[in-house]
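# Observations on chain architecture
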Amino acid sequence: MIVLIPAYKPDNSLTRLTHQLTAHSENIQVLVIDDGSGSEYTPIFTELTLTGATVITHPINLGKGAAIRTGLNWARIYQPRQVVVTADADGQHLPQDIFRVGVRTETAAAAGQKSIILGVRTKPDPNAGEEGTKVPLRSKIGNSATVGFFALATGARVADTQTGLRGFTPQILDWLLQIPGDKYEYEFSMLLRATRADVELVQVPIVKVYEPGNPT
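Here we summarise the structure given alongside this text. As a convention, each chain's residues are numbered from 1 in the sequence order in which they are written. Local features in a predicted model are, by the rule used here, given only for residues with pLDDT of at least 70; side-chain atom pairs are given and counted only at 80 or more, and totals for whole chains, interfaces and linings are based on all residues. Side-chain metrics in this entry use all non-hydrogen atoms of the structure; hydrogen atoms and water are not considered.

## Describing the side chain of His-58
Worth spelling out the cut-off: Helix and strand definitions follow DSSP, with helices as H or I runs of at least four residues and strands as E runs of at least two, each counted in order from the N terminus. Think of a polar contact as two N or O atoms within 3.5 Å of one another; within protein, one of them needs to be a possible hydrogen donor and the other a possible acceptor, and neighboring residues in sequence only count if both atoms come from side chains.
With respect to the helices and strands, His-58 occurs in strand β3 (residues 54–58). Here Thr-70 takes part through its side chain, which lies 2.8 Å from a polar atom of the side chain of His-58.

## Some details on the packing of aromatic side chains
Cut-off, in case you're wondering: Note on aromatic contacts: the rings of Phe and Tyr and the six-membered ring of Trp form a pair at centre separations within 6.5 Å, being stacked when their planes are under 30 degrees apart, edge-to-face when over 60 apart, and tilted otherwise. Here the term buried applies to any residue with accessible area under 20% of the maximum for its type, exposed to any over 50%, and partly exposed to those in between, with areas from a 1.4 Å probe on protein chains only.
Going through the model one piece at a time under the given rule, you end up with one aromatic pair. Between Trp-74 and Tyr-78 the ring centres are 5.4 Å apart and the planes differ by 40 degrees, which places this aromatic pair in the tilted class. Here Trp-74 and its partner Tyr-78 are both found in helix α3 (residues 64–78), four residues apart, which amounts to about one turn of the helix. What makes Tyr-78 exposed here is its relative accessible area of 58%.

## Description of the pattern of salt bridges
Our working definition: Between Lys or Arg on one side and Asp or Glu on the other, a salt bridge is scored when a side-chain nitrogen of the former is within 4 Å of a carboxyl oxygen of the latter.
For the structure shown, the criterion picks out six salt bridges. Between Lys-64 and Asp-88 there is a salt bridge; the shortest N-O distance is 3.1 Å. Of the two residues, Lys-64 is situated in helix α3 and Asp-88 in the loop between β4 (84–86) and α4 (95–110); the sequence distance between them amounts to 24 residues. We classify Lys-64 as buried; its relative accessible area is 17%. Relative accessible area serves as the criterion here: at 14%, Asp-88 is assigned to the buried category. Measuring nitrogen to oxygen at the nearest pair gives 3.8 Å for the salt bridge that ties Arg-76 to Asp-174. Here Asp-174 lies in helix α7 (residues 173–177) and Arg-76 lies in helix α3, a separation of 98 residues in the sequence.

## Observations regarding the packing of helix α1 (residues 12–24) against helix α2 (residues 42–50)
Filter applied, for reference: Whenever a helix is involved, its axis is fitted only over the stretch in contact; in every case the axis is a line through C-alpha atoms, and angles between N-to-C directions fall within 0 to 180 degrees. Geometric relationships in this document are graded by angle, where less than 35 degrees denotes roughly parallel, more than 145 denotes roughly antiparallel, 65 to 115 denotes roughly perpendicular, and other angles denote oblique. A contact between two residues is defined here by any heavy atoms of the two lying within 4.5 Å. Classes in brief: Ala, Val, Leu, Ile, Met, Phe, Trp, Tyr, Cys and Pro nonpolar; Asp, Glu, Lys and Arg charged; the others, Gly included, polar.
With their axes 10 Å apart at the nearest point, α1 and α2 run at an angle of 5 degrees to one another. The angle between α1 and α2 places the two elements in the roughly parallel class. The segment α1 lies against α2, with Leu-14, Thr-15, Thr-18 and His-19 engaging Ile-44, Phe-45, Glu-47 and Leu-48. Taken together, the residues of the contact of α1 with α2 break down into four nonpolar, three polar and one charged.

Quick look at the structure:
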């Protein structure tokens with residue numbers, strides 16, 4: 001299982017997540033794409049390398065979509081039979097949820113399926129307290145708008161179109177690399193195109209974790 005993490009100017013949340021993932025299972029290969037963070041962040045990426053993560057660096061910031069495609073292309077070349085799970089660098093995804101999505105993706109891959117496994121944020125965080133379980137207003141509005149648009153455009157219902165926790169079976173890596181978009185639109189475009197390409201969208205409930213004030 002490859003856990004692909006696009007990162008732009010990350011903080012220690014990324015190093016914590018990498019440590020937790022590698023401790024969770026020896027079958028997880030962490031692949032981090034440094035999307036032009038700059039020399040100030042070199043110590044963080046060096047530490048990640050020392051923990052066993054593979055780090056690929058973009059000389060300049062290209063955007064999340066471009067970073068994901070860089071990671072998918074690496075997987076296609078070097079580990080073409082492995083599933084790929086994308087996760088955010090800011091700690092919004094719990095290691096156990098990342099692993100659950102990965103295991104579900106491996107099941108689909110073993111069955112020869114062309115699938116995207118979506119970690120949809122529908123379960124409250126038991127460690128966050130009452131305030132921490134509330135979805136920030138801008139996140140709620142943004143996701144509601146894209147969920148509605150997606151339903152109108154495709155006739156399909158996806159509870160969380162903005163989730164960054166996604167599993168991809170190796171059967172669709174070539175298809176994913178052909179989808180345009182270098183920024184955040186890439187992730188939404190793949191969902192729209194999946195409904196027209198016989199790519200199954202599978203939803204797995206995960207814990208919703210938001211930072212106070214949702215700064216990222």
